[in-house]
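# Examining the three-dimensional arrangement
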Amino acid sequence: QVQLVESGGGLVQVGGSLRLSCAASGSIFSITFMGWDRQGPGKQRELVAGISSGGSTNYADSVKGRFTISSSNAKNTMYLQMNSLKPEDTAVYYCNARGFLRTGLKDFDSWGQGTQVTVSS
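Below, the structure is looked at part by part. (Residues numbered from 1 in each chain as written. Predicted model: local features only at pLDDT ≥ 70, side-chain atom pairs only at ≥ 80, totals over all residues. Heavy atoms only, no water.)

Our next topic: the state of the cysteines. Under the defined criterion, the tally for this structure stands at 1 disulfide. Covalently, Cys22 is tied to Cys95 through a disulfide, its sulfur atoms 1.8 Å apart. Between Cys22 and Cys95 the disulfide shows an S-S torsion of about -70°. By sign, it is left-handed. Taken together, the positions of Cys22 in strand E3 (residues 18–26) and Cys95 in strand E9 (residues 91–101) put the pair 73 residues apart, joining distant regions of the chain. You can call Cys22 buried: its relative accessible area is 1%. (Disulfide = S-S within 2.5 Å. Helix = DSSP H or I, 4+ residues; strand = E, 2+ residues; numbered from the N terminus. Buried < 20%, exposed > 50% of the residue type's maximum accessible area, 1.4 Å probe, protein only.)

Pairing within the open sheet is antiparallel, and its 4 strands lie in the order E1-E3-E8-E7. Looking at which strands have only one partner, the edges of the open sheet turn out to be strand E1 (2–7) and strand E7 (67–72). Going across the sheet, the axis of each strand differs from the next one's by a mean of 15°, ignoring polarity. Looking at chain direction, E3 and strand E8 (residues 77–82) are connected through 6 bridges and run antiparallel. Bridge pairing links Ala23 to Thr77 in E8. (Pairing = 2+ DSSP bridges. Axes fitted to C-alpha atoms, helices over the stretch in contact; angles between N-to-C directions.)

Examined bridge by bridge, strand E4 (residues 28–39) and E9 share 10 bridges and lie antiparallel to one another. Paired with Ser30 across the bridge in E9 is Phe100. Pairing analysis gives 6 bridges linking E4 to strand E5 (residues 46–52), with the strands arranged antiparallel. Note that in E5 the partner of Trp36 across the bridge is Ala49. Taking the residues that link successive antiparallel strands as the turn, the E4-E5 hairpin has 6 residues, and the phi of Gly42 there is positive, at about 75°.

Keep in mind that these numbers describe shape and distance, not what the molecule does.
Structure below.
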């Protein structure tokens, strides 16, 4: 009922930048939270950054000062600006959105299919 489409991943050199986007569509009444998780090779999945509908943000310590999360509530779209990328940022990045559906105001918690980010040294 809620679809998330990620874009913007790719291959970049150390120190470079990428901007990820996540667009939510479907029978959405409201989105209360959007965030990015990532899973690197041989690593556990971790929360990278999140943003609430009120604009509050949180970041993993490993990306603070380098990544910036933002959103457009009107467009149900979230962005992750990633600067000063490091090889350890290499991972599949997953978009997450939580909120309420139009139908009966049922809550939802949806994930995107993931987008690969590779940082080469």
